[in-house]
Amino acid sequence: MTDARQHITSVRRTLGTRTLEAGEARVQTISQVYDTGLDDMWDVVTNPARIARWFLPVQGELKLGGHYQLTGNAGGTVTACDPPRGYAATWEFGEMVSWIEVRLTPEGPGRTRFELEHIAHVDDDMWAQFGPGATGLGWDSGFWGLAKHLSDPAAVPDNADVASWLASDEGRAMLRGSADGWAEAEIAAGGDPAEARQHADTSYAAYTGG
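Note that this is a predicted model, so its numbers are computed, not measured.

1. Some points on the side chain of His118
Examined against the element boundaries, His118 turns out to sit in strand 8 (residues 112-120). A relative accessible area of 7% places His118 in the buried class. A distance of 2.8 Å separates a polar atom in the side chain of His118 from a polar atom in the side chain of Ser98. If we skip the residues at most four places from it in the chain, His118 touches Arg26, Val27, Gln28, Trp91, Ser98, Trp99, Ile100, Thr135 and Trp139.

2. Brief notes about the packing of aromatic side chains
Inspection of the entire model under this criterion finds eight aromatic pairs. Ring geometry for Trp91 and Trp139: centres 5.1 Å apart, planes at 50 degrees, overall tilted. Taken together, the positions of Trp91 in strand 6 (residues 86-93) and Trp139 in helix 5 (residues 133-151) put the pair 48 residues apart, joining distant regions of the chain. Each member of the pair, Trp91 together with Trp139, is buried. A centroid spacing of 4.8 Å and a plane angle of 10 degrees characterise the contact between Phe114 and Phe143, whose relative ring orientation is stacked. One end of the pair, Phe114, is in strand 8; the other, Phe143, is in helix 5, with 29 residues separating them in the sequence. The buried category is assigned to Phe114, whose relative accessible area is 2%. With relative accessibility at 1%, the residue Phe143 sits in the buried group.

3. Some remarks on the environment of Arg26
Tracing the backbone shows Arg26 in strand 2 (residues 23-34). Arg26 sits 148 residues away from Met174 along the chain, and the two C-alpha atoms are 24 Å apart.

4. Re the sheet that holds strand 2
Taken together, eight strands build an open sheet; the order of strands is 1-2-8-7-6-5-4-3 and the sheet is antiparallel. Edge positions in the sheet fall to strand 1 (12-20) and strand 3 (58-60), since each of these pairs with one other strand and no more. Averaged over all pairs of adjacent strands, the angle between strand axes in this sheet comes to 25 degrees, irrespective of strand direction. The pairing of strand 5 (residues 75-82) with strand 6 spans five bridges and is classified as antiparallel.

5. Remarks on unusual backbone geometry
Of note, the bond from Pro83 into Pro84 is cis; its omega dihedral lies within 30 degrees of zero at 0 degrees. Topologically, Pro84 is positioned in the loop between strand 5 and strand 6.

6. Thoughts on the pattern of salt bridges
Using the criterion set out here, one finds 13 salt bridges in the structure. Across the pair Glu117 and Arg103 runs a salt bridge, and its minimum N-O distance is 3.0 Å. Of the two residues, Glu117 sits in strand 8 while Arg103 sits in strand 7 (residues 96-106), which places them 14 residues apart along the sequence. Overall, the relative accessible area of 11% leaves Glu117 in the buried class. The partner of Arg113 in a salt bridge is Glu107, and the shortest N-O contact between them spans 3.2 Å.

7. Some remarks on the pairing of strand 2
The buried fraction of strand 2 amounts to nine of the 12 residues, a majority that puts the element mostly inside the structure. As paired elements, strand 1 and strand 2 share nine bridges and run antiparallel to each other. Pairing of Thr19 across the sheet is with Glu24, part of strand 2. Hairpin remark: strand 1 followed by strand 2, antiparallel, with two residues in the connecting loop. In the sheet, strand 2 pairs with strand 8 via nine bridges, with the strands oriented antiparallel. Bridge pairing in strand 8 links Thr29 to Glu117.

8. Examining the packing of helix 7 (residues 169-188) against helix 8 (residues 193-208)
Close contact between helix 7 and helix 8 brings their axes to 8 Å; oriented N to C, the two are set at 150 degrees. One element, helix 7, and the other, helix 8, form an angle in the roughly antiparallel class. Remark: the crossing between helix 7 and helix 8 carries right-handed chirality. Where helix 7 approaches helix 8, its residues Arg172, Leu175, Arg176, Ala179, Asp180, Ala183, Glu184, Glu186 and Ile187 are matched on the opposing element by Pro193, Ala196, Arg197, His199, Ala200, Asp201, Tyr204, Tyr207 and Thr208. In terms of residue class, the contact of helix 7 with helix 8 is made up of nine nonpolar, two polar and seven charged.

So, how was this worked out
- Residues numbered from 1 in each chain as written.
- Predicted model: local features only at pLDDT ≥ 70, side-chain atom pairs only at ≥ 80, totals over all residues.
- Heavy atoms only, no water.
- Helix = DSSP H or I, 4+ residues; strand = E, 2+ residues; numbered from the N terminus.
- Buried < 20%, exposed > 50% of the residue type's maximum accessible area, 1.4 Å probe, protein only.
- Polar contact = N/O pair within 3.5 Å; in protein donor to acceptor, adjacent residues only side chain to side chain.
- Contact = heavy atoms within 4.5 Å.
- Phe/Tyr/Trp six-rings, centres within 6.5 Å; stacked < 30°, edge-to-face > 60°.
- Pairing = 2+ DSSP bridges.
- Axes fitted to C-alpha atoms, helices over the stretch in contact; angles between N-to-C directions.
- Salt bridge = Lys/Arg side-chain N within 4 Å of Asp/Glu carboxyl O.
- Parallel < 35°, antiparallel > 145°, perpendicular 65-115°, else oblique.
- Left-handed = near helix turned anticlockwise from the far one by under 90°.
- Nonpolar A, V, L, I, M, F, W, Y, C, P; charged D, E, K, R; others polar.

Here's what the structure looks like:
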């Protein structure tokens, strides 16, 4: 059985910036090494049947130029595709448009690093309140879902069970570890330590209801 606390501490998180045509954007990078080969990991992150088992149900054409829509979440257009090494897509939610880049890298026999970059123009007020945890806790939850899927690929997640687990002591500990991990990434990127830890507390409260 995959342990949530051990998993969350082994996730790599970094923050940076990138200059785009519309101005400077924040870059949030999260990565983890999983016990599966490169070709299987490519299937995990591009096969709709498998994506639904660790992230969310997805509809559309998952190919270069195709449009996708995650149930109850973001949609967008696939802008680059380099199988089995990675892809890029827009990440559109409501009126907000950002971008994701996925990279898969072999890390020895039967192991692959899954790295995701989220590039976004973040509202200053939102960043001042939540920092990177606003989206970071969501990405960490997805990475945890992927670990669970790989430990039992045939399992079909139940939304009620997932919600119940997130409300459990173990689930809350996972979210707390994620919030604190993003605070450490913020500090490493030059952020004020007190502000980073306040961002972690606020993000954790938003995801757990207090």
